[in-house]
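Structural description and commentary
Given next are the chains, with one letter for each unit.
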Amino acid sequence: MLKDLKWEYDTDYNFYIVDTIPSTNTYLKENSDNYPNRSVLIALRQTNGRGRYDRVWKSDNDIIFSILLKTNGFYQITAPLAVCYGLIDLGFDVSIKWPNDIYLNNKKLVGILIEDIFSDHFISSVVGIGINMTDKPSFHAVGLNTNISKYLIIDKILKRFDEFNKKDFDYLMELYKSKSMILGKTVYFHDAEYIADAIDNQGYLILKNDKEEKKISWDEINIKESLK
Ligand code: BTN
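Scope of this entry: the structure provided in the associated data block. Not measured: the values here are computed from a predicted model.

Cut-offs used in this document
- Residues numbered from 1 in each chain as written.
- Predicted model: local features only at pLDDT ≥ 70, side-chain atom pairs only at ≥ 80, totals over all residues.
- Heavy atoms only, no water.
- Pairing = 2+ DSSP bridges.
- Helix = DSSP H or I, 4+ residues; strand = E, 2+ residues; numbered from the N terminus.
- Contact = heavy atoms within 4.5 Å.
- Axes fitted to C-alpha atoms, helices over the stretch in contact; angles between N-to-C directions.
- Core = buried A, V, L, I, M, F, W, Y, C linked by side-chain atoms within 4.5 Å.
- Buried < 20%, exposed > 50% of the residue type's maximum accessible area, 1.4 Å probe, protein only.
- Parallel < 35°, antiparallel > 145°, perpendicular 65-115°, else oblique.
- Left-handed = near helix turned anticlockwise from the far one by under 90°.
- Nonpolar A, V, L, I, M, F, W, Y, C, P; charged D, E, K, R; others polar.
- Near = heavy atom within 4 Å.
- Polar contact = N/O pair within 3.5 Å; in protein donor to acceptor, adjacent residues only side chain to side chain.

Describing the sheet that holds strand S4 (residues 63-69)
- The mixed open sheet is built from eight strands, whose spatial order is S1-S2-S3-S4-S8-S7-S6-S5. Both outer strands of the open sheet, strand S1 (3-4) and strand S5 (94-97), are each paired with one neighbouring strand and no more.
- Those strands touched by helix H2 (residues 75-89) are S4, S5, strand S6 (101-104), strand S7 (107-118) and strand S8 (123-131), and its axis lies near 145° from that of S7.

Quick look at the structure:
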């Protein structure tokens, strides 16, 4: 069902392409034994695309791909950084919305779903990335609206991913903070209003309001369409 894809850029990832699949993340999770480390599966369409918190991920002519990794890494940080900087390299003014969405003009552009696979000997990870190419007003989402090749966009992201996966945690956290769009802004967590005060050295987000301080790990927070 999957076809090998010859990559026109210089890289040592293993590329596969499929026309239609339920979900690239699900496929790589279920078939990880049959594919090497650094396999990248690109789909033209997904019929059961999955988001965080069991949400549905709808895509139509968008960029859909998942990366299988059989080594450990700080992928929760390096994946959003790689997408953010890969897109900046191509001229897009994007930033990171906690924990790992990429936003353009205060709207969601990219969703990332990272899942671990536990086997006898090691933990593998699947990093799934969905990038909107067109606006999706019903989801308050924005698209790249560009003629730049999807493959070049993926290549730029993978090059940045390799670069960041060689860096230490402190370096990555500083870079992550510099691209975070929420720090110092009003955010909502379980319907209460807070200021996103800081990201600490361990990578927790510190939320503050008059009544309390909260420390959250990878939980999602909400923002209004234009940040205060
Ligand atoms: C989110 O924002 O909740 C994460 C969305 C992740 C979507 C991507 S598309 C490629 C990969 N395959 C999936 O089924 N999901 C991820």
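Overview of the nonpolar core
- The biggest cluster of nonpolar side chains holds 59 residues, and the ones touching the most others in it are Phe65, Ile67, Leu87, Val127 and Ile129.
- Considering each element in turn, this core owes the most residues, nine residues, to H2.
- If we ignore the near neighbours within four places in the chain, the residues touching Phe65 are Thr24, Val40, Leu41, Ile42, Val127, Gly128, Ile129, Ile154, Ile157 and Leu158.
- Within the second largest apolar cluster, 13 residues are counted, among which are Ile21, Leu28, Ala43 and Ile117.

Some thoughts on the packing of H2 against helix H3 (residues 150-165)
- Direction vectors running N to C along H2 and H3 enclose 135°, while the axes themselves pass 8 Å from each other. As summarised for this structure, H2 and H3 are arranged oblique, according to the angle between their axes. Both H2 and H3 take part in a crossing whose hand is right-handed. Along the contact surface, H2 presents Tyr75, Thr78, Ala79, Leu81, Ala82, Val83, Tyr85, Gly86, Leu87 and Asp89, while H3 presents Ile153, Lys156, Ile157, Arg160, Phe161, Phe164 and Asn165.
- Classifying every residue of the contact of H2 with H3 gives 11 nonpolar, three polar and three charged.

Re the pairing of S7
- Of all 12 residues making up S7, nine are buried, and the element is well covered by its neighbours.
- Bridge analysis of S6 against S7 gives three bridges, and the strand direction is antiparallel. Residue pairing in the sheet places Tyr103 in a bridge with Lys108 of S7.
- Linking two consecutive strands that pair antiparallel, namely S6 and S7, is a turn of two residues; a positive phi of about 50° is found at Asn105 within it.
- Pairing of S7 with S8 involves nine bridges; the strand directions are antiparallel. The residue of S8 that forms the bridge with Ile117 is Ser124.
- Turn length for the S7-S8 hairpin, with the two strands adjacent in sequence and antiparallel, is four residues.

Some details on the site of the ligand
- In the region of the ligand, 21 residues are neighbours, and Ser23, Gln46, Arg50, Arg52 and Lys108 sit closest.
- Take Thr24: an N or O atom from its side chain is 3.1 Å from a nitrogen atom of the ligand.
- A distance of 2.7 Å is found between a nitrogen atom of the ligand and a backbone nitrogen or oxygen belonging to Arg50.
- Every element with two or more residues in the shell around the ligand is listed here: helix H1 (24-30), S4, S7 and S8.
- The biggest single contributor to the shell around the ligand is S7, with four residues.
- Of the residues in the shell around the ligand, the class split is six nonpolar, 10 polar and five charged.

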